[in-house]
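The residues making up each chain are set out below.
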Amino acid sequence: MTMSTMLKPFLVFLLLLAWPRIADAQEPSTVLQIADGERSIDVTSHTTWRVAQSNSQLSDIQSLDSWQDTYDAKPLSANKSLWGKLQLAFNTNSNQHYFLSIGNPQLNYVDVYILDDKNRILSSYLMGANRDINKRPINHRFFVVPLSPAPRSHINVYFKIADDGPLVFPIELATQSTLLADEQFNLVLIGYLCGGLSLLASYFLITYVFLRSPVRFWFSVSCGLYLLLFLNVIGVISQLSGISAYIANVNNLLFGMLLISTAKVAFAILERVPTLWRYCAYLLGFFTIASGLMQNSFKQLSVAIVLAMLAALLLACLAVFYHKKDKVMPNWLGTFALFSATFINFIQVSFYVSGTLINASLSWFFSLASIGSILLIALAIEAHERVLTQRQQLKQQSTISDLQHFYELFRNSAEGLYTSTLEGKLITVNPAMCSLFGYENEIQMLQQVSNASEFYADPLDRELLLGEIHQNGKVIGKELRGVRNDGSEFWFSISGQIKQENNQKYLFGSIFDVTERKQSDISLEFLATHDSLTGVFNRREFERRLKNGLKQAQANNSEITLLYMDLDQFKVVNDTCGHKAGDLLIKQLAQKLNDVVHDKGILARLGGDEFGVLLEDDNAQMAYLVANKLLNAVKEFRFIWDNRIFTLGVSIGQVPWHQDIKSPEQLLSMADSACYIAKERGRNQIHTYSFNDEHMQRYESEISWVTNINHALQNNSFELYYQHYQSLKKNTSGHHYEILLRMRDKDGQIITPNTFLPAAERYNLTSQIDRWVIQHYFQWLAANPSHKEQLTRCNINLSGHSLADKDLKLFILNAFEKYSIPYQKICFEITESMAIIKMDETLEFINTFHRLGCFFALDDFGSGFSSYAYLKTLPVDQLKIDGSFVKDILLDPIDMAMVNSINDVAKAMGMETVAEFVESPEILVELGKMGIDYAQGYGISKPSALTEFQSLG
């Protein structure tokens, strides 16, 4: 058996599909003539073929005709088998022994029958990978049967092939001496290849043990796997183990492992390959291993070939894109070469085709290419190691340079740097450290300082510092008090951590002086908690302490009392003498108050002229006594400025804590309420909060409505309503109504304005409400242009505070322009009482919008004082007669006279009149007789939501 027979290169699977027929280049003869001197003959081209049922016997085959010169190399189906017939004529004069070999160790079943010229069976052999290898006539990797023909005799050979893989196998007839010679040569060649691969695997494994280089380990594994794959494919492993049924499965297992290990080699060299691509290459290997579990050999081989192609292509692309410029070409070229060689050899030993397809020289080329590529990889690894060594040397040089640089930094650092043992013995210090603690140089400091604990004003601080380092691993920026060599104290910031060197633990620390910043921080901390003018606590710190005190009281059921003080007549000093005098007064008075409170509680300035006192535990029981002392201290206080003497008063609200008070905000609000009641009752008083106090309840109700109003303004909880006017003199077209306001509470209930407007007026919120009404009504008009077109006039109420608000006036002017509202469609209503109080502001407001075309109405006329006297000065267009006169005009002649009188005066001044509270048709008729222009009331229409607007029927 020749070298070309054992290591014939085979076409890839695509070539096999493209050329599925095994054919001879020459026309086969019926009988192969063998003469003396012929040593080895390829008898494939002299064999005729036929496919039959797998259960066909020799006797069935012998009687069949139509034998073919060629056969289809594609895998057989499960119920088919391939039969071959060979006729041999030995024209020899001696008894020469011959051997017939079928050179594919992976064939499942190979049955060989030898017959004489009369078709009598001389011998039969049942062989194959799925049969016991020990029962073969010749213990060989391939299927070899002996022939002992007589001189001048004829022999017929029948063989049956059953296999689920490609039907590719060479058939060779050789003499015994030739077979032995070829086998010896092949063993030498196999030994050469195995020895080379074993030497490479051993060398790189041993060097890995010393160098701990992963690429060497994986290349050693790759060489070992390549060796095992080679031996398994050519049948050596099955020959040695006696097990041949799993050659194809083991091939895929070894080839998949080889793909993974070779990928490891490639990625150790190509360091920049992303993790995703690494996993892709590994998956190809795992898929190849998994394909070994398939039952069909052809499918196993097909999957392995496809995966090998993908792996080779992937590694080639990655080598091109991710090789480093500082590495030599063999690194990435060798990686691709190894995959290519592995792929070539796997196909080479897996497909046995006749020698006429590929000659022996090309087989040698592929074999040498395989070994050459492996050597190229070894060269690449050595080059890679040299690059790594150069890197390490450069790194060491850089480290040495860094150490030198670090030493320069250590010497010249502005921070004090030192090293000490955990016990406190100094090892190293830098000049900045010496300067910081008042030593001339490092030698003096190392000699005179026996322990690092001498750095600390409190030696216990060092123990605590070490404990913190042990707990957290390090300390950064911890500020402590230190002691210099001359005994003076200062503040320093220390950072440190513990490191181990030569089995000894050391503390590495850095220190710098923070005395100035620390003193500044102390001042800032004082300012953050104290009032800058008076020096007592500020409101934020007071609220924080009140919150903590409330928690303690709730937890321990202890006592707390809060005093809330508001100075009386302080504004007089500010207005007459200026803020400088006011600041001095507050500063002097705060000191007097602090002397009274002293150690009994906490005094804080809560506002401009407001103070708070917090009394806890036993002092809380003395709250009223403390409050009286504070009251007397203010009464006795005299403030002198520019030869003028001022006296002050104070109103004090007192709130003792009980279980119903849940928050500090609630406690402060209650104290403020109590203080307000004290002011209302004549000032210079102490009022203790009580839930049953009617004045307190009224005040808190107003405060509650203030909260609700602010909530409504912020969350648009107000709603616009309207109420129609009816003309009593003529039929009019279009809409004429008054805009009214309602509030919707948290439960969805509608609240009328007489409930919340008093609180709004008291706390100056009416201007904000008027702003809300105008903005939302104008927005609604702009969103409903047809309604705006039909609108004749809309009356909008304005409060007295709004008339004096210049910002609101500018807002209204801008709103007219922004929403394109015609001025003549709007009539502003002002109340009689507020108009009289703020006469100048009212006149300025009316004149401004009169010139633009707006109308004005005087609301609730007749309910105030001096109405007729001021009416001449107010340029209004309409008088709204107070409803208290209108509703009883049919019953009370005085009311009738009053309405007539107001109507007569209005007509004399050219004004229109509107009667309110018209609740019946009878009143409506009477008002018409009197000459009233318009009527408004439940007898005409009730107020309704503007969003549900309906015309007056």
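Our subject is the structure listed above.
Below, the structure is looked at part by part. Owing to the predicted nature of the structure, the values given are computational and were not obtained by experimental measurement.

1. So, the overall build of the chain
Along the chain, the regular secondary structure elements total 33 helices and 35 strands. Buried positions account for 49% of the 953 residues belonging to the chain. Relative to all contacts within the chain whose residues are 6 or more apart in sequence, the contacts with residues 24 or more apart total 70%. Within the structure as shown, the chain displays about 46,300 Å² of accessible surface, and the carbon and sulfur contribution to it stands at 54%.

2. A few points about the packing of aromatic side chains
Counted according to the given criterion, the structure contains 37 aromatic pairs. Here Phe204 and Phe219 contribute two aromatic rings whose centre-to-centre distance is 4.8 Å and whose plane-to-plane angle is 75°, an arrangement assigned as edge-to-face. Of the two residues, Phe204 is situated in helix H4 (residues 176–211) and Phe219 in helix H5 (residues 214–233); the sequence distance between them amounts to 15 residues. Among the residues examined, Phe204 registers a relative accessible area of 1% and is labelled buried. Its relative accessible area of 1% is what places Phe219 among the buried residues. A ring pair is formed by Tyr737 and Phe949, whose centres lie 5.4 Å apart and whose planes are at 55°; its orientation type is tilted. With a gap of 212 residues between them, Tyr737 in strand E27 (residues 735–744) and Phe949 in the segment after strand E35 (944–945) connect regions that are remote in the sequence. A residue is classified by how much of its surface remains accessible, and Phe949, at 18% relative accessible area, is buried. One aromatic cluster is present, formed by Tyr722, Tyr737, Tyr777, Phe778, Phe816, Tyr823, Phe828, Phe845, Phe849, Phe856 and Phe949 through successive ring pairs.

3. Let's talk about the pairing of strand E11 (residues 153–162)
Burial analysis of E11 places nine of its 10 residues in the buried class, which makes it a mostly covered element. In the sheet, strand E6 (residues 80–91) pairs with E11 via nine bridges, with the strands oriented antiparallel. For Gly84, the partnering residue across the bridge sits in E11 and is Phe159.

4. Some remarks on the packing of helix H7 (residues 247–269) against helix H9 (residues 297–322)
In the contact formed by H7 and H9, the axes pass within 10 Å of each other and the chain directions differ by 10°. With respect to H9, the axis of H7 lies roughly parallel. Contact residues: Ala248, Asn249, Asn252, Phe255, Leu259, Ala266 and Phe267 in H7; Ser297, Gln300, Ala304, Ala308, Ala311, Leu315 and Leu318 in H9. Here the contact of H7 with H9 is composed, by residue class, of 10 nonpolar, four polar and no charged.

5. Some words on helix H16 (residues 539–556)
Residues three or four positions apart in an α-helix share a direction because the helix packs 3.6 residues into each turn. In a regular helix each residue adds 1.5 Å, so 18 residues correspond to 26 Å; H16 covers 25 Å between its end C-alpha atoms and thus fits that length. Listed in full, the buried residues belonging to H16 are Glu541, Phe542, Leu546, Gly549, Leu550 and Ala553. Backbone geometry just downstream of H16 places Asn557 in the positive-phi region, at approximately 55°.

6. A word on the pattern of salt bridges
A complete count under the given rule lists 20 salt bridges for this structure. A salt bridge links Lys478 to Glu468; the nearest nitrogen and oxygen atoms lie 3.3 Å apart. Of this pair, Lys478 sits in strand E15 (residues 474–483) while Glu468 sits in helix H14 (residues 460–472); the two residues are 10 residues apart in sequence, bridging distant segments of the chain. For Lys478, a relative accessible area of 26% corresponds to the partly exposed category. What makes Glu468 partly exposed here is its relative accessible area of 27%.

7. Things to note about the environment of Val596
Of note, Val596 is situated in helix H18 (residues 579–597). In this structure, the C-alpha to C-alpha distance between Val596 and Val626, residues 30 residues apart in sequence, is 7.5 Å.

8. Brief notes about the side chain of Glu829
By the element assignment, Glu829 lies in strand E30 (residues 826–831). Residue Glu829 is classed as buried on the basis of its relative accessible area of 1%. Within polar-contact distance, the side chain of Glu829 engages the side chain of Tyr725 at 2.9 Å. Polar contacts involving the side chain of Glu829 include one to the side chain of Lys880, which spans 3.0 Å. Each residue touching Glu829, except ones within four places of it in the same chain, is listed here: Tyr725, Glu738, Asn795, Ile796, Asn797, Leu798, Ala857, Asp859 and Lys880.

9. Notes on the nonpolar core
Note on soluble globular proteins: their nonpolar side chains tend to be buried together. Judged by nonpolar contacts, the single largest core of 71 residues is most densely connected at Tyr777, Phe828 and Leu927. Per-element tally for this core: the top contributor is helix H24 (residues 766–783), with eight residues. Leave out the neighbours within four places in its chain, and Leu927 touches Leu728, Val886, Ile889, Val899, Ala915, Val918 and Ile932. With 47 residues, the next largest nonpolar core counts Ile260, Ala281, Tyr282 and Ala378 among its residues.

10. What to know about the environment of Tyr819
Along the chain, Tyr819 falls in the loop between helix H27 (806–818) and E30. It is 5.8 Å that separates the C-alpha atoms of Tyr819 and Ala782, two residues lying 37 residues apart in sequence.

11. Here we look at the side chain of Asp116
By the element assignment, Asp116 lies in strand E8 (residues 109–116). A residue is classified by how much of its surface remains accessible, and Asp116, at 11% relative accessible area, is buried. Of note is the side chain of Asp116, whose polar atom sits 3.0 Å from the backbone nitrogen of Lys118. Within the local environment of Asp116, its side chain forms a polar contact with the backbone nitrogen of Arg120, the two atoms lying 2.7 Å apart. With residues up to four places along the chain from it excluded, the contact list for Asp116 reads Leu122, His154 and Asn156.

12. Structural notes on the sheet that holds strand E7 (residues 98–102)
Read from one edge to the other, the open sheet built from four strands follows the order E3-E12-E7-E10, with strand pairing classed as antiparallel. Since the sheet does not close on itself, it has two edges, and those belong to strand E3 (40–42) and strand E10 (143–147), each with one partner. With direction set aside, neighbouring strand axes in the sheet form an average angle of 20°. Of the strand pairs in this sheet, E7 and E10 are connected by five bridges, and their pairing is antiparallel. Counted as the bridge partner of Ser101 is Val144 from E10.

Criteria and cut-off values
- Residues numbered from 1 in each chain as written.
- Predicted model: local features only at pLDDT ≥ 70, side-chain atom pairs only at ≥ 80, totals over all residues.
- Heavy atoms only, no water.
- Helix = DSSP H or I, 4+ residues; strand = E, 2+ residues; numbered from the N terminus.
- Buried < 20%, exposed > 50% of the residue type's maximum accessible area, 1.4 Å probe, protein only.
- Contact = heavy atoms within 4.5 Å.
- Areas by Shrake-Rupley, 256 points an atom, 1.4 Å probe, with all protein chains shown as cover.
- Phe/Tyr/Trp six-rings, centres within 6.5 Å; stacked < 30°, edge-to-face > 60°.
- Pairing = 2+ DSSP bridges.
- Axes fitted to C-alpha atoms, helices over the stretch in contact; angles between N-to-C directions.
- Parallel < 35°, antiparallel > 145°, perpendicular 65-115°, else oblique.
- Nonpolar A, V, L, I, M, F, W, Y, C, P; charged D, E, K, R; others polar.
- Expected span 1.5 Å × (residues − 1).
- Salt bridge = Lys/Arg side-chain N within 4 Å of Asp/Glu carboxyl O.
- Polar contact = N/O pair within 3.5 Å; in protein donor to acceptor, adjacent residues only side chain to side chain.
- Core = buried A, V, L, I, M, F, W, Y, C linked by side-chain atoms within 4.5 Å.

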